[in-house]
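In case you want the letters, here they are:
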Protein chains: 2
Amino acid sequence: MSRKPAQESTKPSQATLAVVLQIRDGTLQVLLWERAREPYRGSWALPGGLLAAGETLEDSIRRHLAAKVDVREISHLEQLATYSDPDRDPSSWELATAYLGLVQLGLDPDVPGDTRWHAVDDLPETAFDHGEIILAGRERLRGKLSYSNAGFALAPPSFTLGELREVYVAALGHEVSATNLRRVLERRDVIEPTGERRPSGRTGGRPAEVFRFRDRQLAITDPFAALRPRR
Amino acid sequence: MSRKPAQESTKPSQATLAVVLQIRDGTLQVLLWERAREPYRGSWALPGGLLAAGETLEDSIRRHLAAKVDVREISHLEQLATYSDPDRDPSSWELATAYLGLVQLGLDPDVPGDTRWHAVDDLPETAFDHGEIILAGRERLRGKLSYSNAGFALAPPSFTLGELREVYVAALGHEVSATNLRRVLERRDVIEPTGERRPSGRTGGRPAEVFRFRDRQLAITDPFAALRPRR
DNA sequence: TCAAAAGTGTTGAACGTACACCCATGG
DNA sequence: CCATGGGTGTACGTTCAACACTTTTGA
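Only a predicted model underlies this, so the values are computations on that prediction, with no experimental measurement involved.

## Structural notes on the domain arrangement of chain A
Residue and element names in this part refer to chain A. Entries for chain A in the domain assignment read domain 1 (6–145) and domain 2 (147–213). Using C-alpha coordinates to define each centre, domain 1 is positioned 29 Å away from domain 2. Residue-level contacts link 15 residues of domain 1 with 14 residues of domain 2. Among the elements that take part in the side of domain 1 that touches domain 2, helix α2 (residues 130–147) stands out by supplying five residues, more than any other. Classifying every residue of the side of domain 1 that touches domain 2 by side-chain character gives six nonpolar, seven polar and two charged.

The following block contains the structure:
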C-alpha cells in the first residue's frame, strides 16, 4: 500500500469535472465515460482531469472536455462547487471542482468509444462522488430554468413552442403548458418570434410559429419578487 | 526571485477563505485582517489559510477562522466558489475556495489586533482578489435573504420587526417596510411571535411584539413562482 | 391629549395557472 | 368536414407593495 508519494499528504491534486447535460430522446442526459481501470473499474465517471500550471479551472475543464466532445458545442458553462472529502478518491487525495455544461438539443457531438450519454433519471453505477455531483448539476439547471434565460443553452437555435415545451418538461421533470410557457417567456422578453412558421406534418394541425431566444448569454430574468427595492 | 519551489509549478496550493458578514452599527460589515508582509503589505485580506491533509474544505475554513473569531458564533457557513486565476497571488500558484459566513447581530466576537470589521460599502484597499470575493459574498447573501430564511443567521435570537427591518435594510441596501416584511415572513412561516413584547422607550410608542425565526437551518422558503409543477 | 411607534385593513398591480374557445392545416 | 395541433381570451389565485387608518404607549 505505498501508492501515495509523500507529496500527496501535504498537497492535494486539483481536478476539474464537468456535468455536461443535453436533452436527448426527450430526456435529460449526462455525458459519462466508462472507467477501464481501478478504482471504480467499469463504473461511469464525469469527464475531467488535472489542473495544469498556468491555467484557470475553467480553462482546465474546457481542455479536458475537448478530449470528449467538440467544446464549441457547449453553449453554457458555469462553476458548480468544489468537492473535498479526503476520501472521495480512495487512491489519492484529490479536490475536484465541478462545472455545469449545457449542449443544445439536436447537436450530436462525436464522442470516444468509452463515452456515452446516460439518462440522469436512470444512471448506471457511478464512480467516486460523481452521482451526487450529477444531481447537483441537475438541480442547478432546474433553478436556472425558472429564473433565468438558461433555456437558450438547451434549446435548438429556433423552435416551436411545442418543441420548447418538451425541453422544459425533460429538464424540469414535470408537465409544462406550452401556452403558459410562451406567456412567461414572452413577458420576460426571453424569446422572440423569428417570423417563420413551421408547416404542419401529415397529421395536420395549424402551422406553428417559430421562436428563438433573444440572448445567448445567461441573464437573470426574474428578479426575486420578494423584498425587492421600492420603485 | 527563487521563492517558488519547483513543486509549485505542477501543483497549486489549496487555500480556503471566508467572507464573514455581520450587521454592525446598522451597516453590513466584513471581517478582514491587515497584512504585515508582502505581497499586499498593509492591505486587508480575508481570513483563511492552507488546506491540511485529511480535512475537507469546510473543516479547513472553520479551523482557520477559529484563529480570528469564536467559530461557535458563526450561525451559517456555505461554499461560495473557487478562484483559480494563476496570477491571483503574485508570489505563488494558489487556488482559493471561498466561503460565506454569517454572524448574528449583537454578538461581538473577540478578534486579534490585526483584525477588524469593515463596512462592505466602504472597503479599504484589499489584497489579492479579495475585493471581488467580498462582493460575491454580499450578492449571495442578498439573494438568499429574498428566497430563504437566511435572515436567522444575521438577526439576533429574538427581535421586534423594527429591529429586523434594520437588518434587512443594511444587508439589502434598500428600504424595506416593516409592515410588509412581517407579512412576507409570517406567510412563509419563517418567523413566529415569542409571546413577549418589548416595552416602549422614553419616547413612547406602542410596545412591539417580539419574534424569532422558526428555524436555525437554512431552508428555501420561496419555491420559484415560475414554471413550478402543476398542483 | 399629543407625538411616537407598532400593528391592521384594504386596494391594486404583477405574475402565473387553468381552461374554454378559436384558428389553420391535412386527409 | 373532422381530427389535429397551435394560438388567444379570460378568469382566478397568490403574492407583494403601498398607504391610510387604528392601537398602545410615554410624557
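## Let's talk about unusual backbone geometry
Residues other than glycine predominantly adopt negative phi, and peptide bonds predominantly adopt the trans conformation. Here A:E38 and A:P39 are connected by a cis peptide whose omega angle stands at -10°. For A:P39, the location among the structural elements is in the loop between β2 (27–34) and β3 (44–45). The phi angle at A:F128 is positive, at roughly 50°, despite the residue not being glycine. In this structure, A:F128 sits in the loop between β7 (115–119) and α2. For A:F128, a count of 23 C-beta atoms within 10 Å gives the class buried. For B:D25, which is not glycine, the phi torsion reads 50° and is therefore positive. Position of B:D25 among the secondary structure elements: in the loop between β1 (13–24) and β2 (27–34). B:D25 sits in the exposed class, given 8 other C-beta atoms within 10 Å.

## Topic: the packing of α2(A) against helix α3 (residues 161–172) of chain A
Residues and elements named next belong to chain A. Axis separation between α2 and α3 bottoms out at 9 Å; the angle between their running directions is 140°. By the angle class used here, α2 and α3 are oblique. In the crossing of α2 with α3, the sense of the turn from one axis to the other is left-handed. Together, L141, R142 and L145 of α2 and Y168, A171 and L172 of α3 make up the contact between the two elements. Partitioned by chemical class, the residues of the contact of α2 with α3 number five nonpolar, no polar and one charged.

## Brief notes about the nonpolar core
Residues and elements named next belong to chain A. Ranked by size, the top nonpolar core spans 52 residues in total, and within it A18, V19, V20, V30, A98, V167 and A171 carry the most contacts. Viewed by domain, this core spans two of them, domain 1 (6–145) and domain 2 (147–213), each represented by three or more residues. Apart from residues lying up to four places away in sequence, A18 is in contact with L46, P47, G48, I61, L65, Y99 and G101.

## Quick notes on the protein's contact with DNA strand C
Of all residues adjacent to DNA strand C, which total 30 residues, the nearest are A:R202, A:G204, B:G162, B:G205 and B:E209. Put simply, the parts of the chain that give the surface near DNA strand C at least two residues each are α4 (178–187) of chain A together with α3 (161–172) and β9 (208–213) of chain B. For the surface near DNA strand C, the element with the highest residue contribution is α4(A), accounting for five residues. For the surface near DNA strand C, a count of residues per class yields eight nonpolar, 12 polar and 10 charged.

## Concerning the environment of B:D122
With respect to the helices and strands, B:D122 occurs in the loop between β7 (115–119) and α2 (130–147). C-alpha of B:D122 to C-alpha of B:Q29: the two residues are 93 residues apart in sequence and 9.2 Å apart in space.

## What to know about the packing of α3(A) against α4(A)
Residue and element names in this part refer to chain A. In contact at an axis separation of 9 Å, α3 and α4 are set at 90° when each is read in the N-to-C sense. With respect to each other, α3 and α4 are oriented roughly perpendicular. Here L161, G162, L164, R165 and Y168 of α3 lie close against α4, whose contacting residues are A178, L181 and R182. When the residues that make up the contact of α3 with α4 are grouped by side-chain class, the tally is five nonpolar, one polar and two charged.

So, how was this worked out
- Residues numbered from 1 in each chain as written.
- Chains lettered and ligands numbered in written order.
- Predicted model: local features only at pLDDT ≥ 70, side-chain atom pairs only at ≥ 80, totals over all residues.
- Domains from an automatic or database assignment.
- Contact = placed C-beta atoms within 7 Å.
- Helix = DSSP H or I, 4+ residues; strand = E, 2+ residues; numbered from the N terminus.
- Nonpolar A, V, L, I, M, F, W, Y, C, P; charged D, E, K, R; others polar.
- Buried ≥ 20, exposed ≤ 12 C-beta atoms within 10 Å, placed from the backbone.
- Axes fitted to C-alpha atoms, helices over the stretch in contact; angles between N-to-C directions.
- Parallel < 35°, antiparallel > 145°, perpendicular 65-115°, else oblique.
- Left-handed = near helix turned anticlockwise from the far one by under 90°.
- Core = buried A, V, L, I, M, F, W, Y, C linked by C-beta atoms within 7 Å.
- Near = placed C-beta within 6 Å.

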